[in-house]
Amino acid sequence: MKSHWRFAITAALLAITAIFLQARGRTEILPDREPLASLPYQLGDWAGTNVPMQPDVLEILGPGDFLQRFYENTRVSQPYVDLFLAYFPTQRTGDTIHSPKHCLPGAGWLPTESSSISISLPGRAPFEANRYVIAKGDERELVLYWYWAHDRALASEYWAKFYLVTDSIRLNRSDGSLVRVITPLLPDESVEAAQQRLLSFAGEVAPRLDRYIPR
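Residue indices begin from 1 for each chain and proceed along its sequence in written order. Totals for whole chains, interfaces and linings use all residues, but because this is a predicted model, local features are given only for residues with pLDDT of at least 70 and pairs of side-chain atoms are given and counted only at 80 or more. Heavy atoms throughout the structure, all of them, feed into the side-chain values; hydrogens and water do not.

Draft legend 1. Spotlight on the environment of Gly-108. Tracing the chain through its elements places Gly-108 in the loop between α3 (100–103) and β5 (110–119). The class for Gly-108 is partly exposed, based on a relative accessible area of 34%. Residue contacts follow a heavy-atom distance rule, with two residues in contact if any of their heavy atoms lie within 4.5 Å. If sequence neighbours within four positions are ignored, Gly-108 has contacts with Ala-135 and Lys-136. Secondary structure counts use DSSP, requiring at least four H or I residues in a row for a helix and at least two E residues in a row for a strand, with both numbered from the N terminus. We call a residue buried when its accessible area falls under 20% of the maximum for its residue type, exposed when it is over 50%, and partly exposed in between, using a 1.4 Å probe and counting protein chains only.

Structure representation (structure tokens):
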């Protein structure tokens with residue numbers, strides 16, 4: 001029953017958001033930014049390799065700028081980090097950010113643990129992020145993700161949609177983004193050790209994001 005209510009609330013928020021944003025008459029501000037593809041391949045000790053995105057995935061995501069890249073630590077032998085960035089210049093047409101928790105099961109990964117954690121990254125105030133441990137067969141991965149718009153990071157998709165409406169009124173902007181990092185867990189590795197790997201990598205990415213995700 002709880003999941004049905006959550007779905008109904010989400011659907012209502014999406015409908016209200018789409019109607020409200022489409023009804024606004026002012027020309028929306030689209031801030032200058034650099035494309036995600038220009039994010040450096042070398043981030044500290046991490047070297048990246050692009051992961052091509054499938055056409056059906058891009059169709060689901062809708063209009064926007066997307067990047068998926070695997071980064072490996074060149075100094076320490078450890079599992080890679082999968083970085084996914086999604087930026088939507090405008091969400092007035094009803095194309096809003098998709099939550100990873102809806103997409104991951106479709107790829108065969110099922111959540112075994114879910115929680116939120118407080119993250120502190122260079123140049124940013126502490127914020128809440130979503131933390132999932134997912135599994136497929138004997139494989140396990142740790143997922144961290146959050147919504148990022150106008151220098152505000154949020155774990156909740158409901159609050160992200162609320163601020164989408166208020167920022168459209170206040171700033172005349174409806175752009176927003178999703179930041180997601182994933183890393184495989186070694187057979188005997190603790191979730192805390194994998195989390196530290198993700199946070200270490202995120203600390204390299206965060207200071208650079210203002211060029212691609214405008215404040």
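Draft legend 2. Structural detail: the nonpolar core. Here, the term nonpolar core denotes a set of buried Ala, Val, Leu, Ile, Met, Phe, Trp, Tyr and Cys residues that are joined through side-chain atoms within 4.5 Å. Judged by nonpolar contacts, the single largest core of 34 residues is most densely connected at Leu-85, Ile-119, Trp-146 and Phe-201. Take this core: its biggest share by element is six residues, from helix α5 (residues 191–205). Contact partners of Leu-85, with chain neighbours within four places excluded, come to Leu-36, Leu-39, Asp-65, Phe-66, Leu-67, Leu-178, Val-179 and Leu-209.

Draft legend 3. Here's a closer look at the confidence of the model for the protein. Within the protein, residue pLDDT values average 84, and 82% of them lie at 70 or more. Along the chain, pLDDT gives the predictor's confidence residue by residue, from 0 to 100. The element-level mean pLDDT for the protein is lowest in helix α1 (residues 2–23), coming to 56, with strand β2 (residues 46–50) highest at 97.

Draft legend 4. Representation of the pattern of salt bridges. Any Lys or Arg side-chain nitrogen located within 4 Å of an Asp or Glu carboxyl oxygen qualifies as a salt bridge. Evaluated as defined, the whole model comprises 13 salt bridges. Note that Asp-151 is salt-bridged to Arg-124, the shortest N-O span being 2.6 Å. You can see Asp-151 sitting in the loop between β7 (139–149) and β8 (152–154) and its partner Arg-124 sitting in the loop between β5 and β6 (127–136), a full 27 residues away along the chain. The structure contains a network of salt bridges with shared partners spanning Arg-124, Asp-151, Asp-210 and Arg-215.

Draft legend 5. Region of the structure containing the environment of Gln-195. Take Gln-195: it is sitting in helix α5. Here Gln-195 falls in the buried class, since its relative accessible area comes to 16%. Considering only alpha carbons, one finds Gln-195 and Ile-182, 13 residues apart in sequence, at a separation of 9.3 Å.

Draft legend 6. Examining α5 more closely. If you check α5, its first and last C-alpha atoms are 21 Å apart, about what 15 residues at 1.5 Å a residue would give, namely 21 Å. Every buried residue belonging to α5 is among Val-191, Ala-194, Gln-195, Arg-197, Leu-198, Phe-201, Ala-202, Gly-203 and Val-205, and all of these are buried. Working rule for helices: expected span equals 1.5 Å times residues minus one.

Draft legend 7. Just the environment of Ala-206, in detail. With respect to the secondary-structure elements, Ala-206 resides in the segment after α5. For Ala-206, a relative accessible area of 1% puts it in the buried group. A C-alpha to C-alpha distance of 8.1 Å links Ala-206 and Arg-124, two positions 82 residues apart in sequence. Among all residues touching Ala-206, those that are not within four sequence positions of it are Leu-121, Pro-122, Arg-124 and Trp-148.

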